[in-house]
Number of protein chains: 2
Amino acid sequence: MKRRDRNGEIWDFEQEMNSLSSRDGVILGLDGGTTSTVCICMPLMSFSQKLPEPLPILARAVAGCSNHNSVGETAARETLEQVMAEVLTKSNSNRSAVRAVCLAVSGVNHPTDQQRILDWLRDIFPKHVKLFVQNDAVAALASGTMGKLHGCVLIAGTGTISYGFTEDGREARAAGAGPVLGDWGSGYGIAAQALTAVVRAHDGRGPQTALTSSILDILNLSSPDELIGWTYADPSWARIAALVPLVVSCAEAGDQVANQILHDSVKDLAESVKAVVRRLGLCGEDGMDPFPLVMVGGVLEANKRWDIGNEVIKRICESYPGVHPVRPKVEPAVGAALLAWTFLKKETEAKPAT
Amino acid sequence: MKRRDRNGEIWDFEQEMNSLSSRDGVILGLDGGTTSTVCICMPLMSFSQKLPEPLPILARAVAGCSNHNSVGETAARETLEQVMAEVLTKSNSNRSAVRAVCLAVSGVNHPTDQQRILDWLRDIFPKHVKLFVQNDAVAALASGTMGKLHGCVLIAGTGTISYGFTEDGREARAAGAGPVLGDWGSGYGIAAQALTAVVRAHDGRGPQTALTSSILDILNLSSPDELIGWTYADPSWARIAALVPLVVSCAEAGDQVANQILHDSVKDLAESVKAVVRRLGLCGEDGMDPFPLVMVGGVLEANKRWDIGNEVIKRICESYPGVHPVRPKVEPAVGAALLAWTFLKKETEAKPAT
């Protein structure tokens, strides 16, 4: 590689490892979210054999936010470039050894987003490297299906989205439009409704609730009036979503208002999965076909007695008994690497036929 | 007045009019909102006679935003000081002639907000001037009751709030906590629900609606997917609330989804008034006592066939038949001036008794 890099420092390490170079090749998987970015380097595994267990992971690197809507294009690109350089150094590898990269980042909603990212990835890697750019939900799906794009994923963390694929390549999504546009089942949605319930109990519009003392205590406020100032002082959605465990505790302790909020959230989350399943016909003509549902995100995990994830599955099961819930055993960045591997495999298999 | 002003220029005009000075005195009323600030100067009217009709208004001045949460303390203070100086110049008067000022500004929710504003008003005016600081909803109430603090006001513009007073000085409010904290009946709330309905129709979670083509047309977008980018490109609540007339048109044309959104809004707005009436007992023990309900804001006006304001009144009437709706004939800044006059009258009347 004789190209001059935009940012020389990032790739300087490669000059000292010329002798190593490509050998069998590696693949990179990136999961870029609003809080952090994870990059995984795996050796290129054989296309003719089953995936090894456990998966051989050469290195893992972590960096900050790489959502271009949040930190801007330049900062996002530098973060992504740095985390890829770091994982290659740790793997004792370099860009010439890379066979494929799958970059799965939040905020990719349009073909134009995809193309812009592809264009600058193209500047970084040699021509032979296969490049793929996806919404981060797709990597989450692949983390549950070990690289296969089939079935549905439900993510419910601070935000929520459902995303599905059929075996013949059709795709559909539901929700994922953020808090203003009705993602009520998300962590932010649950917490905002809890805050609203406190205000309504205080001004006489709603019933009294144990949420009031729980929330005021943890925020160190003395009156619900002060919630207004607290809420608008910082527009971060994650800061509000952090109240979800409190809502779950209140519901477990029997609070009616908290229970209603969680039941509504379950209904909303199940609805968004059902919309995707229905549009793609994942359940077959009779509605009974099996399909995987990958469940990801804090709202769907970590609850004890009041298990939002389980309630969502029960509700989907009433309409589509073929639903097969999957809790991924690997992280989304590994899902992205497996996607890169699958795409590469398909291209390799397609070649002899042409 | 020998005080040195913080900002000399603003009050320079006073040096040239020393000979005029106080005479009978004037009162100032200010209505400070997020979009504009209006200041009214009235002569001090006799406390022993009925208010003259029409009210004698010496001058009116308009300035930009004076909400300290929005533009910061310094800018808000300068705007308020300038608009008061302008109205006094126009009235051919000066600060020594001022007998009372009522400043009604949005964002005043706590005694601490009130005290901070009182402190700097104190720096501007001579000691004898009576100063009053209120939430802007209070001036809106006074604009309907001609200065009397009794009854309830419902404001529904971009935001919404209900505010009530009893004759013996108790007060209560409901809603007014902004869009995150459940002001669903507001203009912002109505429009956000309409946008959500478009997203849900598009991804298969909700029924088809005429809102889709109406909203995409007016925003010049080609697909509901693009609504996500449009929504989060600018956090202004007023920009979203501006879609309300479209929702009303769709409802009038028979669209079920738009009708449901408006019916929900009516329910929410009526609930917040009823909460205030109930807590203050404005309706008396048997629920039949008459009380004024002052109705203010774009959501409650300007609708043709689908009249949100009338529907809200009907709904309140079912619980409290004594409700007496009032559409103010004067603007809130005049309400603020009438409040200043009423406060001054009370203080004057109270003096002989002590």
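Described below are features of the structure shown in this document. (Residues numbered from 1 in each chain as written. Chains lettered and ligands numbered in written order. Predicted model: local features only at pLDDT ≥ 70, side-chain atom pairs only at ≥ 80, totals over all residues. Heavy atoms only, no water.)

### Description of the overall build of chain A
Check the secondary structure of chain A and you find 12 helices and 10 strands. Relative to the 2.2 N^0.38 estimate, which gives 20 Å for 354 residues, the radius of gyration of chain A is 22 Å and therefore close to what a compact globule would have. Taking all 354 residues of chain A together, the buried fraction comes to 57%. Across chain A, the fraction of contacts at a sequence separation of at least 24, relative to all contacts at a separation of at least 6, is 70%. Roughly 15,600 Å² of accessible area belongs to chain A as shown, and the carbon and sulfur atoms make up 50% of that amount. (Helix = DSSP H or I, 4+ residues; strand = E, 2+ residues; numbered from the N terminus. Rg over C-alpha atoms; globule rule 2.2 N^0.38 Å. Buried < 20%, exposed > 50% of the residue type's maximum accessible area, 1.4 Å probe, protein only. Contact = heavy atoms within 4.5 Å. Areas by Shrake-Rupley, 256 points an atom, 1.4 Å probe, with all protein chains shown as cover.)

### Considerations on the interface of chain A and chain B
Counting residues at the interface gives 35 residues for chain A, matched by 35 residues for chain B. Note on chain A versus chain B: buried area summed over both sides is about 2,800 Å², and carbon and sulfur give 59% of it. Looking at the side of chain A facing chain B, the largest losses of area belong to L181, R205 and Y232 of chain A, adding up to 25% of the total buried there. Applying the counting criterion to the chain A and chain B interface returns two salt bridges. One salt bridge in this structure joins E271 of chain A and R200 of chain B, with 2.8 Å as the shortest N-O distance. Taken together, the connections running from chain A to chain B amount to 18 residue pairs in polar contact (both at pLDDT 80 or more). Sort the elements by how many residues they give to the side of chain A that touches chain B and helix α5 (residues 187-203) of chain A lands first, with eight residues. Of the residues contributing to the side of chain A that touches chain B, the split by class is 17 nonpolar, nine polar and nine charged. (Buried area = accessible area lost by both parts, 1.4 Å probe. Salt bridge = Lys/Arg side-chain N within 4 Å of Asp/Glu carboxyl O. Polar contact = N/O pair within 3.5 Å; in protein donor to acceptor, adjacent residues only side chain to side chain. Nonpolar A, V, L, I, M, F, W, Y, C, P; charged D, E, K, R; others polar.)

### Side note on the sheet that holds strand β5 (residues 130-135) of chain A
All names here are of chain A. The strand order β3-β2-β1-β4-β5 describes an open sheet built from five strands, whose pairing is mixed. Edge strands, defined here as strands with exactly one partner in the open sheet, are β3 (59-63) and β5. Here the strands of the sheet are splayed against their neighbours by 15 degrees on average, with no regard to which way each runs. Relative to strand β2 (residues 37-43), strand β1 (residues 26-32) runs antiparallel, the two sharing seven bridges. Paired with L30 across the bridge in β2 is C39. Sitting on the sheet, helix α2 (residues 73-90) touches β1, β2, β3 and β4 (98-105), and the angle it makes with β3 is about 155 degrees. Contacting β4 and β5, helix α3 (residues 111-124) crosses the sheet at an angle of about 150 degrees to β5. (Pairing = 2+ DSSP bridges. Axes fitted to C-alpha atoms, helices over the stretch in contact; angles between N-to-C directions.)

### Digging into the sheet that holds strand β6 (residues 151-156) of chain B
All names here are of chain B. Taken in spatial order, the five strands make up an open sheet running β8-β7-β6-β9-β10, and their pairing is mixed. Across the chains shown, the open sheet's two edge strands, defined by having one partner strand only, are β8 (171-175) and β10 (323-326). Along the sheet, successive strands turn relative to each other by an average axial angle of 20 degrees, direction set aside. Inspection of the sheet shows β6 paired to strand β7 (residues 160-165) by six bridges, in the antiparallel sense. Its bridge partner lying in β7, G151 is registered against F165.

### Focus: the packing of helix α6 (residues 187-203) of chain B against helix α8 (residues 225-232) of chain B
Residues and elements named next belong to chain B. α8 packs onto α6 with a crossing angle of 155 degrees between their chain directions and a minimal axis gap of 9 Å. Classified by the interaxial angle, the pair formed by α6 and α8 is roughly antiparallel. As α6 runs across α8, the sense of the crossing is left-handed. On α8, the residues that touch L195, V198, V199 and H202 of α6 are D225, L227, W230 and T231. Here the contact of α6 with α8 is composed, by residue class, of five nonpolar, two polar and one charged. (Parallel < 35°, antiparallel > 145°, perpendicular 65-115°, else oblique. Left-handed = near helix turned anticlockwise from the far one by under 90°.)

### Looking at the layout of surface pockets
For the second largest pocket, the calculated volume is near 1,200 Å³. In terms of lining, the second largest pocket is formed by 35 residues, of which the most central are W184 and Q193 of chain A together with W184, Q193 and D264 of chain B. Looking at the lining of the second largest pocket, the elements with two or more residues in it are α5 and α10 (256-280) of chain A together with α6 and α11 (256-280) of chain B. Classifying every residue of the lining of the second largest pocket gives 14 nonpolar, 11 polar and 10 charged. (1 Å grid on protein atoms, 1.4 Å probe; cavity = no way out; pocket = protein on both sides within 12 Å on 5 of 7 lines; lining within 4 Å. Points joined across faces, edges and corners; volume = space filled by probe spheres on them.)

### As for the pairing of strand β7 (residues 160-165) of chain A
All names here are of chain A. For β7, the buried fraction is high: six of the six residues fall into the buried class. In β7, alternate side chains face the same way, and those of T160, S162 and G164 on one face and I161, Y163 and F165 on the other are all buried. The antiparallel pairing of strand β6 (residues 151-156) with β7 creates a hairpin that spans three residues between the two strands. Of the pairings in the sheet, the one linking β7 to strand β8 (residues 171-175) comprises five bridges and is antiparallel in character. Of the residues in β8, the one forming a bridge with I161 is A175. Here β7 hands over to β8 after five residues, with G169 in that stretch at a positive phi of 90 degrees.

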